[in-house]
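Residue-level listing of the chains:
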Amino acid sequence: MSRQIAIIGGGAAGMTAAIQAAGAGAAVTVYERNDRVGKKILSTGNGRCNFSNEAMGAEFYRGSGRALAKSVLSSFDVAQTKDFFSSLGMRIKERDGYLYPASDQASTVLDLLRYELDRRHVTVHTGEMVQTLSLDKDRKQFLVGRQVEKACYDAVILCCGGKAAPNTGSDGNGFRLAERLGHRIVSPVPALAALICKESFYKQVAGVRCDAELTLYTAGKEAAKERGELQLTDYGLSGIPAFQICRTAAYALLEKKPVTVRVSFLPGFDMESCVPFFRERLSLHGEDEMDAFLTGIVNKKINKLLLKLAGIRETERAKDVSPEKFRRLQELYLNMETTVTGTNGFDRAQVCAGGVDCKEVTETLMSKKQPGLYFAGEILDIDGPCGGYNLQWAWSSGTVAGRAAAGDTDS
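To start, this report covers the structure provided alongside it. Here the residue numbering is sequential within each chain, running from 1 through the sequence in written order. Given that this is a predicted model, residues contribute local features only at a pLDDT of at least 70 and side-chain atom pairs are listed and counted only at 80 or more, while totals for whole chains, interfaces and linings are drawn from all residues. In computing side-chain values, all of the structure's heavy atoms are included and hydrogens and water are not.

### Notes on the sheet that holds strand S3 (residues 52–53)
Thought 1: Being paired, for any two strands, means DSSP has found at least two bridges between them. To qualify as a helix, a DSSP run of H or I must reach at least 4 residues; to qualify as a strand, a run of E must reach at least 2; elements of each kind are numbered from the N terminus. The antiparallel open sheet is built from three strands, whose spatial order is S3-S6-S5. The two strands at the open ends of the sheet, each matched to only one other strand, are S3 and strand S5 (92–95).

Right under this line is the structure:
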């Protein structure tokens, strides 16, 4: 008789686990609390679904499971992921190493996964939230409790996600189920979210996008550095470089450490190269008022803000600005310091950091505390940066857990 497997959560990891377990001969049932599976996939990659990246490795991942990530990613890597989606019928395109469906539609990825669930005869229950997860009296089978009834299974894969984007169903319920079966949960925090800053001047530059380098300091020590397209909001820093350092900032704030960011609006410059740059500009445009003198360096709104912070009037002629104020202006272009007071919440985060402690999970993603219980996806304390890394973790971990739960590999 086929092994009966329940998968709790019908997102990217859950659907992959279901397909792989069914392919290994198991009878699979998916429980999804939303009215449809894969809701979160539709919002990935700005609706285009950046589903993986050619530059892949465990070094890109954070959390308690970097060694685990290496094992899992080697078991189902990027090449195998491409083969998997190609076998489902998807044409793939690559842009600077980032992988997308050729259709540029996230719905393509979701539709192909749904069709494969049907072909594999996976039973899918939508609109049903699993409220309890326990063991029978012999501790040999799992009891999956819903609102009206309980069902028995040989194995369970928890793929409920973390707490990011709770409107898609990830509200931390999976953490509660795992805790009740004895697992430690590393404190979840928003990752890949914008940073909220103390200063009030951001309203002057809200909406500006620019190339910038962000250096994060926690308790006065450099903790992270990222460069990319910064988006300035009325409350602080957003865009990919801010998202990439959010995790580190969030954990530092959780520990009550002071957090600051130094913003370089001239990435690639340092003071040694900045001084002659401005000196040459002064020789050519020293008669100009500062507003005109700075035009063309960066976005005009940033120029105006930095002038104000340096205490320089826009109407002051460049040649009349004191050397001390000019030096201050250059420092602001290279290292404008801002104090981080928080991050956007889980409702505006792309990913949740934290989760089930990976030290309590085997290489096949089975619980060390309860045989037959598996984990996949964001519920584990593993998260990656922007660029397809979190979806690759979903495909890889879903595959490893699905095959192991079905008895396809030694658990």
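### Quick word on the pattern of salt bridges
Thought 1: Take a side-chain nitrogen of Lys or Arg and a carboxyl oxygen of Asp or Glu: if they are within 4 Å of each other, that pair is a salt bridge. Applying the stated criterion across every chain, the model contains 23 salt bridges.
Thought 2: Between Arg95 and Asp104 there is a salt bridge whose closest N-O contact spans 4.0 Å.
Thought 3: For every residue, the accessible area obtained with a 1.4 Å probe (protein chains only) is divided by the maximum for its type, and the residue is called buried under 20%, exposed over 50%, and partly exposed between those limits. Residue Arg95 is classed as partly exposed on the basis of its relative accessible area, which comes to 34%.
Thought 4: Exposure remark for Asp104: the relative accessible area of 24% places this residue in the partly exposed category.
Thought 5: Between Glu116 and Arg119 there is a salt bridge, with the nearest N and O atoms lying 2.8 Å from each other. Highlighted residues: Glu116 and Arg119, both in helix H4 (residues 106–119), separated by three residues, approximately one helical turn.
Thought 6: We classify Glu116 as buried; its relative accessible area is 8%.
Thought 7: Sharing partners across several salt bridges, the network here consists of Arg62, Arg247, Asp381 and Asp383.

### Some remarks on the nonpolar core
Thought 1: To form a nonpolar core, buried Ala, Val, Leu, Ile, Met, Phe, Trp, Tyr and Cys residues must be joined to one another through side-chain atoms within 4.5 Å. Counting 131 residues, the largest nonpolar core has Leu237 and Phe265 as its most contacted members.
Thought 2: With nine residues, the top contributor of residues to this core is helix H11 (residues 389–405).
Thought 3: Setting aside chain neighbours within four positions, we find Phe265 in contact with Cys210, Asp211, Leu230, Leu232, Val298, Ile302, Leu306, Leu332, Tyr333 and Met336. Residues are treated as being in contact if the distance between any of their heavy atoms lies within 4.5 Å.

### Digging into the pairing of strand S16 (residues 236–239)
Thought 1: For strand S13 (residues 195–197) and S16, the ladder comprises two bridges, and the chain directions are antiparallel. Within the sheet, the bridge partner assigned to Leu195 lies in S16 and is Leu237.
Thought 2: Judged from the three bridges that link them, strand S15 (residues 221–232) and S16 form a sheet pairing that is antiparallel. Opposite Leu232, over in S16, you have Leu237 as the bridge partner.

### Digging into the side chain of Asn344
Thought 1: Within the secondary structure, Asn344 is located in the loop between strand S18 (336–343) and strand S19 (351–356).
Thought 2: Since its relative accessible area comes to 8%, Asn344 is described here as buried.
Thought 3: Between N or O atoms, a polar contact is any pair within 3.5 Å; within protein, one atom must be a potential hydrogen donor and the other a potential acceptor, and residues adjacent in sequence are included only when both atoms are from side chains. Engagement of the side chain of Asn344 in a polar contact is seen with the side chain of Tyr235, the distance being 2.9 Å.
Thought 4: Apart from residues no more than four positions distant in its own chain, Asn344 is found in contact with Pro190, Ala193, Ala194, Ile196 and Tyr235.

### Description of the environment of Ser52
Thought 1: Looking at the element boundaries, Ser52 is found in strand S3.
Thought 2: Dropping the residues within four chain positions of it, Ser52 is found in contact with Val78, Gly97, Tyr98, Leu99, Gly387, Gly388 and Gln392.
Thought 3: Of note is the side chain of Ser52, whose polar atom sits 2.6 Å from the side chain of Gln392.

### Concerning unusual backbone geometry
Thought 1: For Cys49, which is not glycine, the phi torsion reads 65 degrees and is therefore positive.
Thought 2: Among the secondary structure elements, Cys49 is positioned in the loop between strand S2 (27–32) and S3.
Thought 3: Positive phi outside glycine occurs at Asp104, with the angle close to 60 degrees.

### Details of the pairing of S2
Thought 1: Counting buried positions along S2 yields five of six residues, so the element is predominantly enclosed.
Thought 2: With five bridges joining them, strand S1 (residues 4–8) and S2 adopt parallel strand pairing. Counterpart to Ala6 in the pairing with S2 is Thr29.
Thought 3: Think of it like this: strands point away, you trace from the first strand over the helix to the second, and a clockwise trace means the crossover is right-handed. For the segment spanning S1, helix H1 (residues 12–23) and S2, crossover handedness is right-handed.
Thought 4: Pairing of S2 with strand S7 (residues 123–126), which is carried by four bridges, proceeds in the parallel orientation. Looking across to S7, one finds that Thr29 is bridged to Thr123.

### Re the sheet that holds S7
Thought 1: Overall, parallel pairing links the five strands, which are arranged S7-S2-S1-S11-S20 in an open sheet. Each edge of the open sheet is held by one strand with a lone partner, namely S7 and strand S20 (373–375). This sheet shows a mean twist of 20 degrees between the axes of neighbouring strands, independent of strand direction. Here an axis means a line fitted to C-alpha atoms, over the contact stretch when the element is a helix, while the angle between two N-to-C directions is reported on a 0 to 180 degree scale.

### Comments concerning the state of the cysteines
A covalent bond between the sulfur atoms of two cysteines is what we call a disulfide.
Thought 1: Pairs of cysteine sulfur atoms within 2.5 Å are identified as disulfides in what follows. All chains considered together, the criterion is met by zero disulfides.
Thought 2: Unpaired in terms of disulfides, Cys210 finds its nearest cysteine sulfur in Cys197, a separation of 13 Å.
Thought 3: With no disulfide partner, Cys386 has as its closest neighbouring cysteine sulfur the one in Cys246, 9.9 Å distant.
Thought 4: For Cys386, a relative accessible area of 14% puts it in the buried group.

### Describing H11
Thought 1: Taking 1.5 Å of rise per residue, 17 residues should cover 24 Å, and H11 covers 24 Å from first to last C-alpha, within 8% of that figure.
Thought 2: In the stretch just after H11, Gly407 is the one whose phi turns positive, near 85 degrees. Helix span, as expected, comes to 1.5 Å for every residue beyond the first.

### Observations concerning the environment of Cys386
Thought 1: As for its position among the elements, Cys386 is in the loop between strand S21 (382–383) and H11.
Thought 2: Sequence separation of Cys386 and Pro241 is 145 residues, and the distance between their C-alpha atoms is 9.3 Å.
Thought 3: Those residues within four positions of Cys386 in sequence are excluded, and the remaining contacts are Leu192, Ile240, Phe243, Gln244 and Gln350.

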